[in-house]
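Take a look at the letters that make up each chain.
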There are 2 protein chains.
Amino acid sequence: MIDATTSIAGPKESTGPLGHYFDKNLNDDLLGQKSYEILESKLHASAVLLLLNKTNLKPSEIDLCIGGDLNNELYATNFAMRELNIPFLGVYAACASYGLSIIIGANFIESNHVQRVICSTSSHFSTAERQFRFPLELGTPRAPQSQWTTTGAGAMLLNTLKGNIRIESATIGKVVDFGVKDVNDMGAAMAPAAFSTLSAHLSALNRNPSYYDLILTGDLGKRGADLLKLLAKKNNLKIDGKIYSDCGVLIFNTTNDSMGQGGSGTACATLVFNGYIYKKLLDKSYRRVLLITTGALLSKTSSLQNQTIPAISHAIAFERI
Amino acid sequence: MIDATTSIAGPKESTGPLGHYFDKNLNDDLLGQKSYEILESKLHASAVLLLLNKTNLKPSEIDLCIGGDLNNELYATNFAMRELNIPFLGVYAACASYGLSIIIGANFIESNHVQRVICSTSSHFSTAERQFRFPLELGTPRAPQSQWTTTGAGAMLLNTLKGNIRIESATIGKVVDFGVKDVNDMGAAMAPAAFSTLSAHLSALNRNPSYYDLILTGDLGKRGADLLKLLAKKNNLKIDGKIYSDCGVLIFNTTNDSMGQGGSGTACATLVFNGYIYKKLLDKSYRRVLLITTGALLSKTSSLQNQTIPAISHAIAFERI
């Protein structure tokens, strides 16, 4: 069960439509640190420490941490974990890393080896732009199909003994490649992976989309969400605007052109779920939510080598008990 | 239980002391591909396909793949998984990724959600040197404390129903940072992490080192292995040359100065375990082996930002039934 969650949001995320739902709002995205990577690492550690604080637990009472971020070699997460002295598993599924962490965490809980697991992720606009596209100093114009990498960090405490929201089921995705090569168009690269996991999930459990009060993709953005709806329609799955939404669309005001198709980044699904959806599950607005985290598996090396962009998507069904 | 393993070794690894133990020996490390990354990705896929071939299984009969490599964003593993159409979990613990994959895989088996899991890793000298240190074209002289990143790939099939070697226990490591900054000296960065996990493992299970027929670290190299022995001695743990060895020392002829301190890379522990130790467990030379995989969690960005090198180590106890 989910015992507690935390969400620390960057300046843009804090002034977006969900700003007041987050635990902490930052007014600066460097906060006096020497690099954006070091700042992201500190944010990541802060999200975990805030969770310990909220739940009145010591690091020694946590059996396991699982997490990741977008930086090469999980720079932010690994450096954050130095400060925690808790056994740690690092994972990478790009922006789907939060879903991946929760699935592995829930499985460790189920095997009865652990009682308390923390899942955490982070991302930062400035570390991601430099790493996957161009250094910000170049002033490269933003493409209309692009998304804005979310700055923030969040953590979730899974607890065998405590909580009102349980992880009811999950579907691990396959790597899907539809041949997209545009490093600005993550939504198009990820939508087929989201569809693959959504349809595998529904068919494995013999469910209709309407089984859920909400189906929420991680960070497809406006255009990617439209592509997912199109793929679903072509395959006779009905996911209309009433039960389907996307964290990337929810986190920013996407009528503002400068935000492109909306948010992306590992922190996007983490902030929206931890800050907003989790509270909506607790206050009984929703009973069953399917979170489909989505990740584009490109690297700067693969892009420069003119490779297409594979993607993956991991889904988790949350249910109020 | 371990149903089967595969090992595909690069040219240097194939002419080393364990060369004849590997399933496949390559005589070239590019094999006509356009880049070393694409070659590594093909090697990774080949190791999994060879495993399916050995066990006469179809991809649809595998429930889950878990794996990783050293490339940014798991380039080799993610691109290999495109060809397999099997649910996939990506992990990153640098050269400790094989241990990490096996621990998560064994846990999924234990929770009874899956029957067959494949764990796979790869690494390549030329992709790793470019990414973590310098492009080979620069001709940078090798430092005497450096290790040689292993070229190769391997995979292991965990099966609920079949096999003679079981995963008896495991210890997930913590991120440890002893302040090493030299990107050539991975052994010194990783030895404290290996000691942390070894002592946590022995104390959690109330065992002495002599409980095992063999304690094998992943890729500390000659110097790192000496440091581990020193740390153990200072803490009254006796791991002498009789029961302790290191995959990095075993895979190359380390009396040859050009090989520095021996092998490293994610494939190092994978090749040595899959190709050599697994056979020694099967032929009853060993009954109980503790494999302590070791990973240095640096990135080029963290090194250029003058950060120290955190490390992690994950241990697995294998036992013949």
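Parameters and conventions
Residues numbered from 1 in each chain as written. Chains lettered and ligands numbered in written order. Predicted model: local features only at pLDDT ≥ 70, side-chain atom pairs only at ≥ 80, totals over all residues. Heavy atoms only, no water. Salt bridge = Lys/Arg side-chain N within 4 Å of Asp/Glu carboxyl O. Helix = DSSP H or I, 4+ residues; strand = E, 2+ residues; numbered from the N terminus. Least-squares fit on C-alpha atoms with pLDDT ≥ 70 in both. Contact = heavy atoms within 4.5 Å. Expected span 1.5 Å × (residues − 1). Bend = angle between axes of the 7 residues up to and from the residue. Buried < 20%, exposed > 50% of the residue type's maximum accessible area, 1.4 Å probe, protein only. Core = buried A, V, L, I, M, F, W, Y, C linked by side-chain atoms within 4.5 Å. Phe/Tyr/Trp six-rings, centres within 6.5 Å; stacked < 30°, edge-to-face > 60°. Lys NZ or Arg CZ within 6 Å of the ring centre and 35° of its normal. Buried area = accessible area lost by both parts, 1.4 Å probe. Polar contact = N/O pair within 3.5 Å; in protein donor to acceptor, adjacent residues only side chain to side chain. Nonpolar A, V, L, I, M, F, W, Y, C, P; charged D, E, K, R; others polar.

(A) Structural context of the pattern of salt bridges. Residues and elements named next belong to chain A. Scanning the entire structure with this criterion turns up 22 salt bridges over all chains. The partner of Asp-185 in a salt bridge is Arg-223, with the nearest N and O atoms 2.6 Å apart. Within this pair, whereas Asp-185 is found in the loop between strand 8 (165–171) and helix 6 (186–205), its partner Arg-223 is found in helix 7 (residues 221–234), the two being separated by 38 residues in sequence. Taken together, the salt bridges that share partners define one network made up of Arg-166, Arg-287, Arg-288 and Glu-319.

(B) Quick peek at the relation of the copies chain B and chain A. Placing chain B over chain A gives an RMSD of 0.0 Å and needs a rotation angle of 180 degrees, together with 0.0 Å of translation along the axis. The symmetry that links the two subunits is that of a two-fold axis. Closest approach to the rotation axis among the C-alpha atoms of chain B is made by B:Val91, whose C-alpha sits 2.0 Å away. Residue by residue, 100% of the interface of chain B is reproduced at the interface of chain A, so both copies engage with the same surface.

(C) Structural context of helix 9 (residues 266–282) of chain A. Residue and element names in this part refer to chain A. The end-to-end C-alpha distance of helix 9 is 23 Å, a good match for the 24 Å that 17 residues give at a rise of 1.5 Å each. The sharpest bend along helix 9 measures roughly 40 degrees and falls at Phe-273. Positive backbone phi, approximately 70 degrees, marks Lys-284, located one or two places after helix 9.

(D) Just the environment of A:Leu298, in detail. Residues and elements named next belong to chain A. Examined against the element boundaries, Leu-298 turns out to sit in the loop between strand 12 (288–296) and helix 10 (300–304). Taking the relative accessible area as the measure of exposure, Leu-298 reaches 3% and is therefore buried. For the pair Leu-298 and Phe-132, spaced 166 residues apart in sequence, the C-alpha to C-alpha distance is 8.0 Å.

(E) Inspection of unusual backbone geometry at higher detail. All names here are of chain A. Of note, Leu-74 is a non-glycine position whose phi angle comes to about 50 degrees, a positive value. Looking at the element boundaries, Leu-74 is found in the loop between strand 3 (64–69) and helix 3 (75–81). Overall, Leu-74 belongs to the buried group, its relative accessible area being 1%. Unusually for a residue other than glycine, Asn-306 sits at a positive phi of about 65 degrees. Here Asn-306 lies in the loop between helix 10 and strand 13 (311–320).

(F) Main features of the nonpolar core. Grouped together as the largest cluster of nonpolar side chains are 216 residues, with contacts concentrated most on A:Ile104, A:Ile277, A:Phe318, B:Ile104, B:Ile277 and B:Phe318. Sequence-distant contacts of B:Ile104, that is, excluding residues within four places in its chain, are made with A:Leu89, A:Ile104, A:Phe108, B:Ile66, B:Leu89 and B:Val91.

(G) Fine view of the packing of aromatic side chains. Within this structure, the stated rule accounts for 10 aromatic pairs over all chains. When the centroid spacing of 5.0 Å and the interplanar angle of 80 degrees are considered together, the rings of B:Tyr211 and B:Tyr212 count as edge-to-face. Looking at B:Tyr211, the relative accessible area reads 24%, which means it is partly exposed. Between A:Arg288 and the ring centre of A:Tyr211, over which it is positioned, the NZ or CZ distance is 3.9 Å.

(H) Structural detail: the interface of chain B and chain A. On the side of chain A, 50 residues touch chain B, which itself brings 50 residues to the contact. At the boundary of chain B with chain A, total buried surface from both sides reaches about 4,100 Å², with 59% on carbon and sulfur atoms. At the junction of chain B and chain A, the tally comes to 2 salt bridges. Applying the counting rule to chain B against chain A returns 23 residue pairs in polar contact (both at pLDDT 80 or more). Counting residues per element, the ones that place at least two in the side of chain B that touches chain A are helix 2 (36–55), helix 3 (75–81), strand 4 (88–90), helix 4 (97–110), helix 5 (125–132), helix 10 (300–304) and strand 13 (311–320) of chain B. Per-element accounting of the side of chain B that touches chain A gives the leading share, 6 residues, to helix 4 of chain B. Looking at the side of chain B that touches chain A residue by residue, the classes come out as 24 nonpolar, 18 polar and 8 charged.

(I) Molecular detail of the environment of A:Ala311. Residue and element names in this part refer to chain A. Structurally, the position occupied by Ala-311 is in strand 13. Between the alpha carbons of Ala-311 and Leu-297 there is a distance of 5.2 Å; along the sequence they are 14 residues apart. For Ala-311, the contacting residues outside a window of four places in its chain are Lys-174, Val-175, Val-176, Ala-189, Met-190, Ala-193, Gly-295, Ala-296 and Leu-297.

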